[in-house]
Structure formats: C-alpha cells, structure tokens
Amino acid sequence: MIAYVNGQFLPEEEASVSVFDRGFLFADAVYEVTAIINGKLVDFEHHMARLQRSCAELQLSFPYDLAELKQIHLQLVQQNNIEEGLVYLQLTRGNAKQRNFLYPDKQTKPTLVLFAQKMKIVENEKSKYGIKVVTVDDIRWQRCDIKTVALLAASMAKEYAKQQGADDAIFVKNGYVTEGSSSNCFIINHQNQIQTRGLNNEILPGITRQAILQLAREQGIDIVEKPFSIDEMLEAKEVFITSATTLVWPVIMANNQLIGEGKPGKLAIRLREIYLQKLK
Ligand code: PMP
C-alpha cells in the first residue's frame, strides 16, 4: 500500500510521523474519510469543506490548495488500484518537539497523512440484510461537531456492541439518540416523516446525512430535525444509519427488539438506491 506523508508518496512500511506529533500525544488532529465508488471520489468537495471548518474551530492552519488535495486523493486511488473503498486524510497540529499542552508557535508545520484502502461498499451484506444495534451512554465531549481523531469513546462503544452480539452502537444522551458511533441515525416515524436530530455541537454534521436529506426532499418526503427517544426508535416504522462508507444501512433490531417486522425498511433501501444511482 502506498501512503502519503507531508508531500511524499511512500510504501506503508516507510510512512511514519514523529513520536512528538500532537496528533499522537494530544489527539490534536482532524480527519476525513471519503468513499471511492467506481474509482471516483464521493462528495469530495463537501468533505474538504467540513475539514476546513474543523480546522477553523481548532485554530489549526490549513495551508493547502483543494485542487492539490484532490490530486493526492486521486493519486492514492490510482496507485493503490482502488475501484471501491476509501481515502483517509488526517491533519495534525504537527510536531510539538516537546510535550506542552499549549499550541506550538505558528511556524510549526502541520502533519498531513493520507492513505487509501479497499472496502466493499455497494454490495455490502449489511446494507442488504440490515444491522443490529445497542444503545450506549454518549460519554463523548461537547464538541462532537468537530471531526477530531479523539475516537476512544466511539471505539469503546463499538467494542461493547460487539460483545453484546450487535453490529454497532447508538449513542444516547438524556434518553435521546444523538447519533451512531460512526454514523448519523434516522427513524421513519408514524407520521411517515424522516426524523433525525438537528445539527449542533452534539453530533457530527455528516456529509451523507446532508446528501440523503437532500434526496429525501427531492422525493417529497417530509423531514423533521428533532431528537427521538430510545422508545421512539424501538417503535419507529424504520431505523437507518448513514456514513461515507456505509452510505445507508437499515437497522433491523435495537436493544434486542425488532424494528417493525425486523426487515430492512423500504424507504431506507429506496434512499440508498437513489443515492447510488446519483453516484454512477
Ligand atoms: N457521526 C460520527 C460520530 C461519525 O464518526 C461519522 C463518520 N465519520 C458520521 C456521523 C457520518 O459522517 P459522514 O456521513 O460524513 O461519513
């Protein structure tokens, strides 16, 4: 696998960063994951816009040209021969030289790392048969709108889900669903509306969330951006999650209770298909 580190394309064995990198020491870093479908980048511009916003929120400098970043993405797709998969990009505040909580001076160069990997996205079993989820307490910090690499709470939640025999975890705060451990979460309520929590500091503004809501609007489906409780989720007509690498995955069971008849929801499948059509 060929990776990219600060201006160089390198074999993965040679791709490395300093032990003093603030991404490593303080999780002082932001990232993006862009899907590749049919060799093409999905929603690239939106991912880069969110990256720039994450940087701005953290006063992390962004000395890159978007055309150049696109070129790096495409080169990784090509060099690693990827038809379907993802490109991961991480930008850190750079090498701090010594451990210090304060941000280093402005001259410190950020660290930019990218790599690509293959992944089955379109013909994925989970999109066809749906997934089982369990709810977990949302113990994350209060700036979940910034896409940082501080992912330990999400990692713990996924591990808990696995140990419970589920496929993924759904975060819950004060009795209401915030989002999935690495996705946004939606229900189809009994008014046949798509319901999902509105954007604020408690969730990541998902690029796929935005794309799916836009498609739903074009299809004339009612949307309500309002939190829903665990019970509302369990009693919903449909539940589904979205993210760059899952697109749309129906949820068929939550906390060991079937959602509807325990089959992937029709609307979730339809939205996934329309989205895929648009990407072709
Ligand atoms: N929420 C969280 C917490 C995530 O980690 C992700 C995926 N990175 C998402 C939502 C979905 O975002 P996107 O659709 O941009 O992949």
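All figures in this text were calculated on a predicted structure; none of them were measured in a lab.

Attention shifts here to the environment of I188. Tracing the backbone shows I188 in strand β10 (residues 184–188). Along the primary structure I188 and L66 are separated by 122 residues, whereas in three dimensions their C-alpha atoms are 37 Å apart. Residue contacts for I188: discarding those within four places in its chain leaves Q193, I194, A236, K237, E238, F240 and L267.

Right, let's talk about empty space enclosed by the protein for a bit. The tally for this structure, following the rule as stated, stands at 1 cavity of 30 Å³ or more. Taken as a whole, the largest cavity encloses approximately 40 Å³ of empty space. Contributing to the lining of the largest cavity are A35, V42, D43, H47, I207, T208, A244, L247 and Y275. Of the residues assigned to the lining of the largest cavity, the class counts are 6 nonpolar, 2 polar and 1 charged.

Next up on the list: the layout of surface pockets. The space that makes up the largest pocket amounts to roughly 1000 Å³. Every residue lining the largest pocket is counted, 45 residues in all, and those nearest its centre are Y31, K147, S181, S182 and S183. Residue composition of the lining of the largest pocket, grouped by class: 18 nonpolar, 16 polar and 11 charged. In this model, the second largest pocket occupies a volume close to 250 Å³. In terms of lining residues, the second largest pocket is bounded by V122, E123, N124, E125, S127, K128, I269, R272, E273, L276, Q277 and K280. For the lining of the second largest pocket, the secondary structure elements donating two or more residues are α4 (125–129) and α8 (266–279). The residue makeup of the lining of the second largest pocket, split by class, is 3 nonpolar, 3 polar and 6 charged.

What follows concerns the site of the ligand. The environment of the ligand is formed by 18 residues, the closest being R50, K147, E179, I207 and T208. With respect to the ligand, the side chain of K147 contributes an N or O atom lying 2.3 Å from a nitrogen atom. E179 places a polar side-chain atom, nitrogen or oxygen, 2.7 Å from a nitrogen atom of the ligand. When atoms are counted within 2 Å of each cavity's grid points, the one that captures over half of the ligand is the largest pocket. Sorting the residues of the shell around the ligand by element identifies α2 (44–57), β9 (176–180), α6 (207–218) and β13 (238–243) as the ones contributing at least two each.

Now for the packing of aromatic side chains. Applying the stated criterion to the full structure yields 6 aromatic pairs. One aromatic cluster is present, built from ring pairs that chain together Y31, Y88 and F115. The side chain of R93 reaches across the aromatic face of Y103, ending 3.4 Å from its centre.

The subject of this paragraph is helix α3 (residues 66–79). Helix length check: α3 (14 residues) gives 20 Å between terminal C-alpha atoms against 20 Å at 1.5 Å per residue, within 8%. Those residues of α3 that sit buried are L69, I72, H73, L76 and V77. Relative to the axis of α3, the buried residues are bounded by an arc of 135° and lie together on one face. Summarising the geometry of α3, the exposed residues directed more than 90 degrees from the buried face are A67 and Q78. Looking one or two places after α3, you find N81, whose phi comes out positive at around 60°.

About the thresholds
- Residues numbered from 1 in each chain as written.
- Predicted model: local features only at pLDDT ≥ 70, side-chain atom pairs only at ≥ 80, totals over all residues.
- Heavy atoms only, no water.
- Helix = DSSP H or I, 4+ residues; strand = E, 2+ residues; numbered from the N terminus.
- Contact = heavy atoms within 4.5 Å.
- 1 Å grid on protein atoms, 1.4 Å probe; cavity = no way out; pocket = protein on both sides within 12 Å on 5 of 7 lines; lining within 4 Å.
- Points joined across faces, edges and corners; volume = space filled by probe spheres on them.
- Nonpolar A, V, L, I, M, F, W, Y, C, P; charged D, E, K, R; others polar.
- Near = heavy atom within 4 Å.
- Polar contact = N/O pair within 3.5 Å; in protein donor to acceptor, adjacent residues only side chain to side chain.
- Sits in = over half its atoms within 2 Å of the grid points.
- Phe/Tyr/Trp six-rings, centres within 6.5 Å; stacked < 30°, edge-to-face > 60°.
- Lys NZ or Arg CZ within 6 Å of the ring centre and 35° of its normal.
- Expected span 1.5 Å × (residues − 1).
- Buried < 20%, exposed > 50% of the residue type's maximum accessible area, 1.4 Å probe, protein only.
- Arc of directions from axis to C-beta.

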